[in-house]
Amino acid sequence: MSKLKAPRGTQDILAEDSKLWQKIEAEAIKVFAAAGFNEIRTPIFESTELFSRAVGEDSDIVNKEMYSFTDKSDRPLTLRPEATAAIVRAYNEHSLERAPKPHKLWYRGPMFRYERPQTGRYRQFHQIGIEAIGSKPPYIDLEIIQVGMQLLSNLGLNDLTLYINSLGNQASREAYTKALKDFLSGLQEDVCEDCQRRYQQNPLRALDCKQEADQALYKNAPSLQDYLDEESKEIWTAMLQGLDKLAIKYIVDPRLVRGLDYYSHAVFEIKTSSKELAGQNTVLAGGRYDKLVKDLGGQESPAVGWALGLERLASLIENKTETGGLYIISDSAMDAQILARKLRQDTNNSITIDYDYNSSKFNKQLERAIKRSYDWALFYMEDERNSGKFKLKNLRETVEYNDLDYDAVVARTTSCNAL
RNA sequence: GCAGGUGUCGCCAAGUGGUUAAGGCUCCGGAUUGUGGUUCCGAUAUCGUGGGUUCAACUCCCAUCAUCUGCCCCA
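It should be emphasised that the depicted structure is a prediction, and the values quoted were computed from it without experimental measurement. Residue indices begin from 1 for each chain and proceed along its sequence in written order. To read the labels, note that chains go from A and ligands from 1, taken in the order they are written. Reporting in this predicted model follows two pLDDT cut-offs: at least 70 for local features of residues, and 80 or more for side-chain atom pairs to be given and counted; totals over whole chains, interfaces and linings ignore these cut-offs and use all residues. Side-chain metrics rest on all non-hydrogen atoms present in the structure, leaving aside hydrogens and water.

Caption draft 1: Up close: unusual backbone geometry. The step from K101 to P102 runs through a cis peptide bond, and the omega angle for that step is -5 degrees. Each helix corresponds to a stretch of at least 4 residues labelled H or I by DSSP, and each strand to a stretch of at least 2 residues labelled E; elements are numbered beginning at the N terminus. Note that P102 resides in the loop between α4 (84-93) and β5 (103-112). Here the phi dihedral of S373 falls at roughly 50 degrees; this positive angle occurs in a residue that is not glycine. Tracing the backbone shows S373 in the loop between α14 (362-371) and β14 (376-379). For S373, a relative accessible area of 28% gives the class partly exposed. For the exposure calls, accessible area comes from a 1.4 Å probe over protein chains only, and a residue counts as buried if that area is under 20% of its type's maximum, exposed if over 50%, partly exposed in between.

Rendered as structure tokens:
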């Protein structure tokens, strides 16, 4: 019988990694709450139309990466490839524009994209993100960037760089796209196949081409910055000044475009220089999407947000597992169980308490307690049960306490090792 | 979707055409008769799958699947 495997591009987060994920999530929740963001949970699948409208028909995500299916009533549905569209849908559906603005939300959960798996890229992957809907000035952009930086630095990451660019408002972007297409049209003969395709689908992407020959041809391409109109320029300037005042280091990257159609004004990515992630070094990315709420049928509401990849983030953080807790060593599994239940209650579930279910030999049980890195071994053999006095051993410091009564055991184990 | 690498026990890993497929680690069981990861003993694989070549295949060929890496693109 062959073993079944998880589907391609999916993975199990085993107990060890799970601890790390919990740590990241706990830190995120703390940082978000402190900045006034509240959690929103939306469905894992949505109508396919939501994503094709929101993300853009021409985007790669919609073109070839969606996990789409029809249900038994032939409804076209899609496993969400990202969360922003769904959150905007929910925002509109529940008329949240009537709530105080900006509406500040965070989310976490699995996303799905049908792609070739490789380092830092999976078909089911997990994101944590925030969105702020209903505020136009760049202070809210600054706020979410700042929250993101804070979260990453709290998690101990410091080799990160913020790359940022402005796409300008829609008018600016259209004017620029036109100018760029004019420029590119003369080069199509000499340019790589990918770029020919980009020319058709998303001309801005061409500037990001990795072919050196193409880069040489693009040297004199028009610059987006020159096409920003007054409004866009004002916002962009304020944005950069704000980053300076917050002492957030950044690199303006004029080629940073992003693959989703709904962005305008500020777009940004936080990248790591760690080799761990090789080509997929973007850990957190986002931008402003002023048009999207209206495009999805809502009241015009400017908005901005970002998402970070949990798998990528987790791979950058050292996973140090610390267990601790107390292991009961007993020749009676039943008595150990009764004691464990009582101890868990009386320690208020503040430390891990476990014991041997197989009534193994004394030495085996002690060995287990050590191997599984418990802090304490509590001896509960016949003698202890009869006398009501416990023997407690600190396995880290090799100290043994004799003749403790029950309350002393509780006091001693909880005093120094809370979960 | 394209290009390349890899597939021998839970993990690492020898074997490269010929009798019983090394070894290490982990895990499990046992011994050392209630105190430190020790030591000793034991158990655990038909070599991804299917086909072909051959007297003979883990070793060669083909296909397929899985996985990894790069491209596209992205978190």
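Following the structure, the description resumes.
Caption draft 2: Expanded view of the packing of aromatic side chains. Whether two aromatic rings pair depends on their centres lying within 6.5 Å, for rings of Phe, Tyr and Trp, where Trp uses its six-membered ring; planes under 30 degrees apart make the pair stacked, over 60 edge-to-face, and the rest tilted. Applying the stated rule across the entire model yields 14 aromatic pairs. Counted as over-ring charges are cases with an Arg CZ or a Lys NZ within 6 Å of the ring centre that also lie within 35 degrees of the ring normal. Positioned over the ring face of Y406 is K342, at 4.7 Å from the centre of the ring.

Caption draft 3: Quick look at the side chain of E131. Mapped onto the elements of the fold, E131 is located in strand β6 (residues 124-133). The definition of a polar contact used here is a pair of N or O atoms within 3.5 Å, where within protein one atom must be able to donate a hydrogen and the other to accept one, and adjacent residues in sequence count solely through side-chain atom pairs. A distance of 2.7 Å separates a polar atom in the side chain of E131 from a polar atom in the side chain of T84. Looking at E131, its side chain comes within polar contact range of the side chain of Y289, at 2.5 Å.

Caption draft 4: Region of the structure containing the nonpolar core. Here, nonpolar core refers to any group of buried Ala, Val, Leu, Ile, Met, Phe, Trp, Tyr and Cys residues whose side-chain atoms link them within 4.5 Å. Ranked by internal contacts, the top residues of the largest apolar core, which has 92 residues, are I24, F32, Y218, W306 and L313. With seven residues, helix α5 (residues 139-154) is the single largest residue contributor to this core. In contact with I24, other than residues within four places in its own chain, are I128, L155, L310, L313, A314 and I317. L343, Y355, W376 and Y406 belong to the second-largest nonpolar core, a separate cluster that totals 18 residues. By definition in these notes, contact holds between two residues if any of their heavy atoms fall within 4.5 Å.

Caption draft 5: Representation of the domain arrangement of chain A. The source of the domain bounds is an automatic or database domain assignment. The assigned domain composition of chain A is domain 1 (15-169 + 229-316) and domain 2 (326-416). Using only C-alpha atoms to locate each centre, domain 1 and domain 2 end up separated by 47 Å.

Caption draft 6: Broad picture of the pattern of salt bridges. Any carboxyl oxygen of Asp or Glu that lies within 4 Å of a side-chain nitrogen of Lys or Arg is treated as forming a salt bridge with it. A full pass over the atoms with the stated rule returns 24 salt bridges. The partner of E46 in a salt bridge is R89, and the shortest N-O contact between them spans 2.5 Å. Residue E46 is located in strand β2 (residues 45-47), and its partner R89 is located in helix α4; the two are separated by 43 residues in the primary sequence. The residue E93 makes a salt bridge to R89 at a minimum N-O spacing of 3.0 Å.

Caption draft 7: Fine view of the packing of helix α1 (residues 15-34) against α5. Axes here refer to lines fitted to C-alpha atoms; in helices the fit is confined to the stretch in contact. Angles between the N-to-C directions go from 0 to 180 degrees. The N-to-C vectors of α1 and α5 enclose an angle of 145 degrees; their axes lie 10 Å apart at closest approach. Note on packing geometry: the crossing formed by α1 with α5 is right-handed. Contacts between α1 and α5 involve E27, A28, V31 and F32 from the first element and V147, Q150, L151 and N154 from the second. Polar here means any residue outside two lists: the nonpolar Ala, Val, Leu, Ile, Met, Phe, Trp, Tyr, Cys and Pro, and the charged Asp, Glu, Lys and Arg; Gly therefore counts as polar. Along the lines of polarity and charge, the residues of the contact of α1 with α5 split into five nonpolar, two polar and one charged. In this scheme the handedness of a crossing depends on how the near helix is turned from the far one: anticlockwise by less than a right angle means left-handed, clockwise means right-handed.

Caption draft 8: The pairing of strand β4 (residues 76-79), seen in detail. Relative to β4, β2 runs antiparallel, the two sharing three bridges. Along β4, the bridge assignment pairs F45 with L79. Between strand β3 (residues 67-70) and β4, which follow one another and run antiparallel, lie five residues, and D74 among them has a positive phi close to 65 degrees. When DSSP locates at least two bridges between a pair of strands, those strands are taken to pair.

Caption draft 9: Up close: a nonpolar patch on the surface. Exposure above 30% relative accessible area and the absence of a salt bridge qualify a residue for a patch, where like charges join within 9 Å and nonpolar side chains (Val, Leu, Ile, Met, Phe, Trp, Tyr) within 5 Å. The Shrake-Rupley method, run with a 1.4 Å probe sphere, supplies the accessible areas, and residue values consider only the shown protein chains as cover. A cluster of nonpolar side chains, I44, F45 and F69, forms an exposed patch at the surface whose accessible area comes to about 250 Å². Its location among the elements puts F45 in strand β2.

Caption draft 10: View of helix α2 (residues 48-55). Counting buried positions along α2 gives six out of eight residues, so the element sits mostly inside the fold. Of all the residues in α2, the buried ones are T48, L50, F51, S52, A54 and V55. Tucked inside the fold, the buried residues of α2 contact β2, α3 (60-64), β3, β4, α4 and α11 (292-295). At the exit of α2 stands G56, carrying a positive phi of roughly 115 degrees.

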